Amino acid sequence: MSMQTSPGGSPVERSQESSSLADVVNTILDKGVVVDVFARVSLVGIELLRADVRVVIASVDTYLRFAEAVDRLGMGTEEPKDLTGVVEDVTESGAKGKSKGALEAGADKLSDILEPDEEDAKEKEESRR
Amino acid sequence: MSDEQRNLWVYGIVPADASLEEIERRSDRLPKVEVVEAGDLAAIVGDAPEEDAKATRDQALAHARVLEAAVADTSVVPFRFGIIVGADDEIATELIEPRRDEFKQLLDRVDGRVQMVLKVYYDEDTVLREIVDSDEEVKQLREAMKETPEEATRDVRVQIGERVNNALEERRQRDSAEIAEQLKGVSVAGTAEGLEKEFMVVNAPFLVERDKLEEFEEAVDGFAQERQDRMHFRLLGPMPAYNFIDVEEPAWA
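Residues numbered from 1 in each chain as written. Chains lettered and ligands numbered in written order. Predicted model: local features only at pLDDT ≥ 70, side-chain atom pairs only at ≥ 80, totals over all residues.

K.L.:
What exactly am I supposed to notice about the overall build of chain A here?
P.N.:
When you go through chain A residue by residue, the secondary structure sums to seven helices and two strands. Along its sequence from the N terminus, chain A presents helices and strands in the succession β-β-α-α-α-α-α-α-α. Across the 129 residues in chain A, those meeting the buried criterion constitute 23%. In chain A, the share of contacts with a sequence separation of at least 24, taken over all contacts with a separation of at least 6, comes to 43%. (Helix = DSSP H or I, 4+ residues; strand = E, 2+ residues; numbered from the N terminus. Buried ≥ 20, exposed ≤ 12 C-beta atoms within 10 Å, placed from the backbone. Contact = placed C-beta atoms within 7 Å.)

So this is what it looks like as structure tokens:
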């Protein structure tokens, strides 16, 4: 809605008006002035809002995801990898967005290295929100 | 209880003579708000949302957007999400009057300043490739992972992941320090909030003088140009100085 890129092809994505909950939740729930005499209402779903954007970093789950990402990373100097392992692994982890990425990365490794697929990266980012 | 009894949502406090034209201009995509004056201060208020999850979510975006529109024209003391006052006449007598001096101090503190939030993310594949290329052990573990049957690789995977995580953290420290360094000259203060994604480099609110906004944006643009092959940049704001309102003399450490 309010997304815009500044003129002159800046690589910085600008948004002058908040367009996603993920961007505002932590700020408005934790920052800003609290006036003591007025009890903050317990609105339905406030905690859900917070859970939506919570990210836990550096758990074993994170490590496993990193390993998976490294595994499917197309490295220039290597023999093409058998896809079976990748597919099974991804199905197991149940990440829908990722399985697409893994398949694509496996299928066209070389072109992947030469022209990193930005759309795909964005898509993965979106699916985690 | 009087007939006027209703629940009013409080967005923030502004000077009573503030123009608030941007709120008017964006009225088609903002909830209806009113400005209730009390002497030289005023509260921006509106109807409180219904008590259901969807209304709460909508109100979260609305809260941020109303305050963003207000800060386009004036200094704002932003209220935290979820503060409700019972009736119109309580705004002046119960909310503003007993805290007039505090609110004025806070308004002075943010006078002529706004908050910008810079969110930087690594390009996942690029940074992973950097890490694998520069770490023999990760390379070897990666080979080991390929040669071992799928079900027996969990330990190796955890090892790889932990090593990648450490390498990522090192890079994050280095890169975020560099970014902060580049923005010190064009901002009053900066801080770092929790990361929102695994491949995030930094999530950094900055306090910026209004008349230096352009310089600030140019500085962000400048280093983003140099780093766009391995990082993505998002810049949010201007917004009220949420992260600096409770700091008496915000400054770079």
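On we go from here.
K.L.:
Looking at this model, I keep getting lost on the overall build of chain B. Mind explaining?
P.N.:
The number of helices and strands found in chain B is eight helices and nine strands. Whereas a compact globule of 253 residues would reach a radius of gyration of roughly 18 Å, chain B reaches 24 Å, over 25% beyond that. The dimensions of chain B, computed from C-alpha atoms along their principal axes, are 75 × 45 × 30 Å. A buried classification covers 43% of the 253 residues belonging to chain B. For chain B, contacts bridging at least 24 residues in sequence account for 74% of all contacts bridging at least 6. (Rg over C-alpha atoms; globule rule 2.2 N^0.38 Å.)

K.L.:
In this structure, what is going on with the domain arrangement of chain B? I would like to understand it.
P.N.:
Many structure descriptions define interface size as the accessible area lost when the parts assemble. The assigned domain composition of chain B is domain 1 (8-111) and domain 2 (115-124 + 167-239). Computed over C-alpha atoms, the centres of domain 1 of chain B and domain 2 of chain B are 29 Å apart. (Domains from an automatic or database assignment.)

K.L.:
How should I be thinking about the environment of methionine 200 of chain B in this particular structure?
P.N.:
Residue and element names in this part refer to chain B. Mapped onto the fold, methionine 200 is located in strand E8 (residues 200-209). It is 21 Å that separates the C-alpha atoms of methionine 200 and valine 138, two residues lying 62 residues apart in sequence. The residues contacting methionine 200, other than those within four sequence positions of it, are Tyr121 and Leu195.

K.L.:
In this structure, what is going on with the interface of chain B and chain A? I would like to understand it.
P.N.:
Chain B puts 57 residues into the contact, and the matching count from chain A is 54 residues. Here strand E2 (residues 12-15) of chain A runs beside strand E9 (residues 231-239) of chain B; their pairing, made up of four bridges, is parallel. Bridging from a neighbouring strand, glutamate 13 of chain A pairs with arginine 234 of chain B of E9 of chain B. (Pairing = 2+ DSSP bridges.)

K.L.:
Whenever I open this one, the pairing of strand E3 (residues 41-47) of chain B confuses me. Can you help?
P.N.:
Sheet faces and side chains relate simply in a regular strand, where the side chains alternate between the two faces. Residue and element names in this part refer to chain B. Extensive coverage of E3 is indicated by the burial of five of its seven residues. Across seven bridges, strand E1 (residues 8-15) lies against E3 in antiparallel orientation. Bridging from a neighbouring strand, glycine 12 pairs with isoleucine 44 of E3. Where strand E2 (residues 33-38) meets E3, six bridges bridge the pair, whose relative direction is antiparallel. The partner of alanine 38 across the bridge, within E3, is leucine 41. The loop that links E2 with its antiparallel partner E3 comprises two residues; one of these, glycine 39, has a positive phi angle of about 65°.

K.L.:
Looking at this structure, how should I read the pairing of E9 of chain B?
P.N.:
Residue and element names in this part refer to chain B. Of all nine residues in E9, seven are buried, a share of seventy percent or more. As paired elements, strand E6 (residues 113-122) and E9 share seven bridges and run antiparallel to each other. Counted as the bridge partner of lysine 119 is arginine 234 from E9.

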